[in-house]
Amino acid sequence: MVATKRAVTGDQKLLRRIRTIQQGLPPLVSRERLGSFLVRRMQDRFDRRVNPDGVRWKERSPNTPGNHPLLEKEGHMRKAIGVLGGIGGSGMGINTGAGFRIGVRSVKVQEKSRTVDTAVYARSHQLGFKKIPKRRFIGISDLDIKAVDSLLRREVNKLMKA
């Protein structure tokens, strides 16, 4: 019999870490605060044009029209980054393992003669599509897990000093 290794994703690591720290304690950080914290980290990656692991995105092809920064023609996609509502929710996102999803909300934007959905466009860059290279910014990295760990530890220290 061959043993198989089960891949562990960032959201699974984050959930395990949160459960370990919060075991037997009152809630340290609300979902809203944790969601805002992770969304700010994702927006920061978007602004720095790096994937969740800090690797820079592939540059725009010289044949692509426009002189605006990558994925920032009007700023609609960045503005749509946030906590996604509902189980399926409307948008392109990932489960955080903390009871909510983060990603790009589905917002219909009129561009010249067509309507563009921010979530569909985000998916094209997140996964790569036809001539669009992968430019991931949605995800949870080991650095995000360490940052959440640090946030939770600070909250524990506050409780211990009180």
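Structure first, text after, so check above.
All values derive from a computational prediction rather than experimental measurement.

A. Representation of the overall build of the protein chain. Check the secondary structure of the protein chain and you find five helices and five strands. Taken from the N to the C terminus, the helices and strands of the protein chain come in the order α-α-α-β-β-β-β-β-α-α. Relative to its full complement of 162 residues, the protein chain shows a buried share of 37%. For the protein chain, long-range pairs separated by at least 24 residues make up 55% of all intrachain contacts whose partners lie at least 6 apart in sequence. Carbon and sulfur atoms make up 53% of the accessible area of the protein chain, which amounts to about 10500 Å² in all.

B. Spotlight on the pattern of salt bridges. One pass over the structure, following the stated rule, counts ten salt bridges. Note that Arg-45 and Asp-144 form a salt bridge whose closest N and O atoms lie 2.9 Å from each other. Linking Arg-45 in helix α2 (residues 31–48) with Asp-144 in helix α5 (residues 142–161), this pair joins segments that are 99 residues apart in sequence. The class for Asp-144 is buried, based on a relative accessible area of 2%. A salt bridge links Lys-108 to Asp-117; the nearest nitrogen and oxygen atoms lie 2.6 Å apart. Asp-117 gets classed as buried once you look at its relative accessible area, which sits at 13%. The network of salt bridges with common partners includes Arg-17, Asp-149 and Arg-153.

C. Spatial organisation of the pairing of strand β5 (residues 114–117). Strand direction decides the pairing type here: strand β4 (residues 108–111) and β5, joined by four bridges, are antiparallel. In the sheet register, Glu-111 faces β5, and the bridge partner there is Arg-114. Hairpin geometry of β4 and β5 is characterised by an intervening segment of two residues between the two adjacent antiparallel strands and by a positive phi of about 50° at Lys-112.

D. Region of interest: the sheet that holds strand β3 (residues 101–105). If you trace the three strands from one edge of the open sheet to the other, you get β1-β3-β2, paired in antiparallel fashion. Edge positions in the sheet fall to β1 (81–84) and β2 (91–95), since each of these pairs with one other strand and no more. Between one strand and the next, the sheet's axes are offset by a mean angle of 35°, whatever the strand orientation. Sheet topology places β1 next to β3; four bridges connect them, and they run antiparallel.

Rules used throughout
Residues numbered from 1 in each chain as written. Predicted model: local features only at pLDDT ≥ 70, side-chain atom pairs only at ≥ 80, totals over all residues. Heavy atoms only, no water. Helix = DSSP H or I, 4+ residues; strand = E, 2+ residues; numbered from the N terminus. Buried < 20%, exposed > 50% of the residue type's maximum accessible area, 1.4 Å probe, protein only. Contact = heavy atoms within 4.5 Å. Areas by Shrake-Rupley, 256 points an atom, 1.4 Å probe, with all protein chains shown as cover. Salt bridge = Lys/Arg side-chain N within 4 Å of Asp/Glu carboxyl O. Pairing = 2+ DSSP bridges. Axes fitted to C-alpha atoms, helices over the stretch in contact; angles between N-to-C directions.

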